[in-house]
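As a plain string of letters, each chain reads:
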Amino acid sequence: MAVTGASEYKERDMVRAWRFASLLAACAMAATATASSAAARSVALVIGNSAYPDAPIRAPKHDALEMAERLKAIGYDVRMVADANKAVFDAAIAEFARRARGSDKAVIYYSGHGQAYRGRNYLIPVGVAIEKPGDARFFAKPIGHLISAVARAKSLGVVVIDACRPPYAGEAGRACLALLETSRPNVAVVFSTLIPAPPAKDDRAILSPFTAALSEALASQPDRDVRLLLTSLTGRTSQLADRAQIPWVSFGPFGSDLAALGGAVASATKTPAPVAAESSDTAKAPAAATAGKDGARFRDRLASGGRGPEMVVVPGGVFALSDPSDDRKRERLRVTRFAIGRTEVTVAEYRRFVRATGYKASDRCAGFKEGDWEGSDRRSWRSPGFAQDDRHPVVCVSWRDAKAYADWLSKETGADYRLPTDAQWEYAARAQGRGRYIWGNSLRDGCRYGNGGDRVALRFNPEWSVFPCSDGRHQTAPVASYRGNLFGLYDMMGNVWEWTLDCRRRVDCTQSAARGGSWRSTPHGLRIAARHFLRRSARETDVGFRVARVMKAR
């Protein structure tokens, strides 16, 4: 194996002593494995490979010790393996898979060398001869084995790989790990970066930038929803690594519970303490309220009985707001903490508002017929010209209709409901992503994440540009029928255009922007940057809305 590190490893004696002590500790833990595994509900395996004979690396031994202590501090039964050869690596994963079965949460952390070959990722044991990429098939450990092991946990499985260090010469500038999308329910896979980590400016650095950021996050917010905690590592890792590393995270479909690495699994049905409803005289300036932690889901109580729409608390942050005329133009903005509807407002939710208030909405709504849009007195939110049930997003509502619904929620709950601003909508839709679409840039995933123009639409208009897939649906679909984004929000892409509060970049404020595209939008119209500017009085069969709620800063 070609030498990529220093010709002499100055810390060889220290590594040997560390390895010997770690193996002794592993033997001691194995002696009590039966008793401890029976009691532990959260289990972890930590692997740190430093002593590669020809390509030693300093950080993994420190990274592993740090993560073992951090995971132990938040309640995990931790086993640690140091400088594992192939046999030890295999045995450690097999033993962990047995412990993970029936546990609540299972975590594997690995720090060392990693290598991709033909789209598959491998972790390099100590003492094997990896001289070219193809050798990984025979001597290394596929990451898929680790994913299968953590997937045995009931509530949450996480695989953390801090391994993007080229194991042999000649790989500078090339990706050493391949993109990996996991479809395992309640499983997350985290890579410290997808490109080779550059040589440290100071070889005395104790922890890798990614592991330092992860340790800080676990120490300060172990009970935060794992999706928000892991995606929040991007900024801190980039800062510690002088912007040379950007972590990459893949999430399988998560269930209804808000999973956290530390603490108990929080029930998503828990609701905040009710806020007393204000009288109509004081409801013009309702107070902002706090309802749970970032990522929490809740429904406010209505004064007339029942609850409002399900909301998700979105943490504040800085992002680059897109320009509708040019995807490359961005304006850096800060968004404060707020809550936004988990889904678009449904027919049932809007009907409740109309019945409670006697609100009169227009019965004239523009719809799509034989290739053209036309207004019709026979279309309305009750009957848009195609089949809907209570679970579908309400359509044929104007900006004024949507605002009237938000104002009613404010009076009923005492909280400050409104339409989301243009910036809030995009920040929530992106969920810290940077692609053209909410999932990234690939057109192939269009039918997994949203109800847009796909091959089904070609039956109605063969000249449309569509996604190269088919979901079997035309017109609206029940809300939350597709995969959500990392904030747990559904239908941010497709189904219906969603009204926003402001008329950004428009002198004429008789118009407002709708965002997100609809069931009839082309791939271009479903970009996150796309806007549909409409008169505030306009009603169309593919335009609806979701609401936002003011929250106190934490």
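Please refer to the structure higher up on the page.
Just so you know, these numbers come straight off a predicted model, no measurement behind them.

Undergrad: How should I be thinking about the overall build of the chain in this particular structure?
TA: A tally of regular secondary structure across the chain gives 13 helices and 22 strands. Out of the 554 residues belonging to the chain, those deemed buried represent 56%. Across the chain, the fraction of contacts at a sequence separation of at least 24, relative to all contacts at a separation of at least 6, is 72%. Surface summary for the chain: the accessible area is close to 23,900 Å², and the carbon and sulfur share equals 51%.

Undergrad: Got a minute to help me understand the packing of helix 3 (residues 59-73) against helix 7 (residues 209-220) in this structure?
TA: When two helices pack together, their arrangement is captured by the angle between the axes and the distance separating the axes. Their axes nearest at 10 Å, the elements helix 3 and helix 7 cross at an angle of 10°. Looking at the two axes, helix 3 sits roughly parallel to helix 7. From helix 3, Asp63, Glu66, Met67, Arg70 and Leu71 reach across to helix 7, where they touch Thr211, Leu214, Ser215, Leu218 and Ala219. Here the contact of helix 3 with helix 7 is composed, by residue class, of five nonpolar, two polar and three charged.

Undergrad: Please explain the sheet that holds strand 6 (residues 141-142) as it appears in this structure.
TA: Hydrogen bonds along the backbone pair up the strands of a sheet, which may run parallel or antiparallel. Taken in spatial order, the three strands line up as 4-5-6 in an open sheet, and their pairing is antiparallel. Looking at the sheet topology across the chains shown, the edges are occupied by strand 4 (114-117) and strand 6. The sheet contact formed by strand 4 and strand 5 (residues 120-123) spans four bridges and is antiparallel. Paired with glutamine 115 across the bridge in strand 5 is tyrosine 122.

Undergrad: Honestly, the state of the cysteines in this entry has me stumped. Any pointers?
TA: Here, the word disulfide means a covalent bond between the sulfur atoms of two cysteines. Summed over the entire model, instances satisfying the criterion amount to two disulfides. With a sulfur-sulfur separation of 2.1 Å, cysteine 365 is cross-linked through a disulfide to cysteine 396. On the S-S bond that ties cysteine 365 to cysteine 396, the torsion sits near -80°, and the link is left-handed. On the criterion of sequence distance, the pair formed by cysteine 365 in strand 15 (residues 365-369) and cysteine 396 in the loop between strand 16 (372-376) and helix 11 (399-413) is long-range, its members being 31 residues apart. Cysteine 396 sits in the buried class, given a relative accessible area of 0%. In this model, cysteine 447 is linked to cysteine 469 through a disulfide, with the two sulfur atoms separated by 2.1 Å. Between cysteine 447 and cysteine 469, the S-S torsion sits near 90°, and that sign places the bridge as right-handed.

Undergrad: What am I meant to see in the sheet that holds strand 7 (residues 156-162) here?
TA: Reading across the sheet, the six strands line up as 2-1-3-7-8-9 and stay open at both edges, with mixed pairing between neighbours. Edge positions in the open sheet fall to strand 2 (77-82) and strand 9 (248-251), since each of these has one partner strand only. With strand direction ignored, the average angle separating the axes of adjacent strands in the sheet is 10°. Alignment of strand 7 against strand 8 (residues 187-191), held across five bridges, turns out to be parallel. Residue valine 160 lies in a different strand from strand 8, and its bridge partner there is valine 190. Helix 7 contacts strand 3 (105-111), strand 7 and strand 8 of the sheet and is inclined by roughly 145° relative to strand 7.

Undergrad: Would you mind showing me how to read the environment of asparagine 49 here?
TA: Assignment of secondary structure puts asparagine 49 in the loop between strand 1 (42-48) and helix 3. Taking the C-alpha atoms as reference points, asparagine 49 and aspartate 83, 34 residues apart in sequence, are found 4.2 Å from one another. In this structure, asparagine 49 is in contact with Ile57, Pro60, Ala82, Asp83, Ala84, Phe89, Tyr110, Ser111, Gly112, Ile124, Pro125 and Val126, ignoring residues within four places of it in sequence. Polar contacts involving the side chain of asparagine 49 include one to the main-chain amide nitrogen of alanine 84, which spans 2.8 Å. Within the structure, asparagine 49 has its side chain in polar contact with the backbone oxygen of isoleucine 124 (distance 3.3 Å).

Undergrad: How do you make sense of helix 4 (residues 86-100) when you look at a structure like this?
TA: For an α-helix, the turn length of 3.6 residues means that residues three or four places apart are oriented alike. For helix 4, spanning 15 residues, the distance from its first C-alpha to its last is 21 Å, which sits close to the expected 21 Å at 1.5 Å a residue. Those residues of helix 4 not exposed but buried are Phe89, Ala92, Ile93, Phe96, Ala97, Arg99 and Ala100. Taken down its axis, helix 4 places every buried residue within 160° of arc, on the same side. Facing away from the buried side of helix 4, by more than 90 degrees, are the exposed residues Ala87 and Arg98. Between the side-chain oxygen of the N-cap and the backbone nitrogen of alanine 87 there are 3.2 Å, and the N-cap of helix 4 in question is asparagine 85. Phi turns positive one or two residues past the end of helix 4, at glycine 102, with a value near 85°.

Undergrad: Help me understand the environment of leucine 207 in this model?
TA: Residue position: leucine 207 is located in the loop between strand 8 and helix 7. The exposure class of leucine 207 is partly exposed, given its relative accessible area of 24%. Sequence separation between leucine 207 and aspartate 63 is 144 residues; the distance between their C-alpha atoms is 5.5 Å. Leaving out residues up to four positions away in the same chain, leucine 207 has contacts with His62, Asp63, Glu66 and Ala212.

Undergrad: Before we go on, may I ask you to explain the environment of arginine 227 in this structure?
TA: Position of arginine 227 relative to the elements: it lies in helix 8 (residues 226-231). The spacing of arginine 227 and glycine 295 is 68 residues in sequence and 8.6 Å in space, taken between C-alpha atoms. Among the polar contacts made by the side chain of arginine 227, one reaches the side chain of aspartate 225 at a distance of 2.9 Å.

Undergrad: Is there a simple way to think about the pattern of salt bridges in this case?
TA: Between side chains of opposite charge, a pair can form as their charged atoms come close. By the definition in use, this model includes 26 salt bridges. Residues aspartate 422 and arginine 515 are paired through a salt bridge, measuring 2.7 Å at the closest nitrogen-oxygen approach. Residue aspartate 422 is located in helix 12 (residues 422-430), and its partner arginine 515 is located in strand 19 (residues 511-515); the two are separated by 93 residues in the primary sequence. Its salt-bridge partner being aspartate 445, residue arginine 448 comes within 3.1 Å of it at the nearest N-O pair. Through salt bridges with shared partners, a single network forms among Asp422, Glu426, Arg430, Arg515 and Arg531.

Undergrad: Help me understand the nonpolar core in this model?
TA: Side chains of a nonpolar character, in soluble globular proteins, are inclined to be buried together. Membership of the largest hydrophobic core comes to 41 residues, with the highest contact counts inside it found for Tyr350, Trp381, Tyr405, Phe545 and Val547. Among the elements of the structure, strand 11 (311-314), helix 10 (347-357), helix 11 and strand 18 (497-499) are those that each provide at least two residues to this core. By residue number, the principal contributor to this core is helix 11, which donates seven residues. Beyond its immediate chain neighbours, meaning those up to four positions away, tyrosine 350 contacts Val345, Tyr359, Ala361, Trp381, Val394, Val397, Asp401, Tyr405 and Phe545. Listed in part, the 40 residues of the second largest apolar core include Ile47, Phe89, Ile130 and Val159.

What counts and what doesn't
- Residues numbered from 1 in each chain as written.
- Predicted model: local features only at pLDDT ≥ 70, side-chain atom pairs only at ≥ 80, totals over all residues.
- Heavy atoms only, no water.
- Helix = DSSP H or I, 4+ residues; strand = E, 2+ residues; numbered from the N terminus.
- Buried < 20%, exposed > 50% of the residue type's maximum accessible area, 1.4 Å probe, protein only.
- Contact = heavy atoms within 4.5 Å.
- Areas by Shrake-Rupley, 256 points an atom, 1.4 Å probe, with all protein chains shown as cover.
- Axes fitted to C-alpha atoms, helices over the stretch in contact; angles between N-to-C directions.
- Parallel < 35°, antiparallel > 145°, perpendicular 65-115°, else oblique.
- Nonpolar A, V, L, I, M, F, W, Y, C, P; charged D, E, K, R; others polar.
- Pairing = 2+ DSSP bridges.
- Disulfide = S-S within 2.5 Å.
- Polar contact = N/O pair within 3.5 Å; in protein donor to acceptor, adjacent residues only side chain to side chain.
- Expected span 1.5 Å × (residues − 1).
- Arc of directions from axis to C-beta.
- Salt bridge = Lys/Arg side-chain N within 4 Å of Asp/Glu carboxyl O.
- Core = buried A, V, L, I, M, F, W, Y, C linked by side-chain atoms within 4.5 Å.

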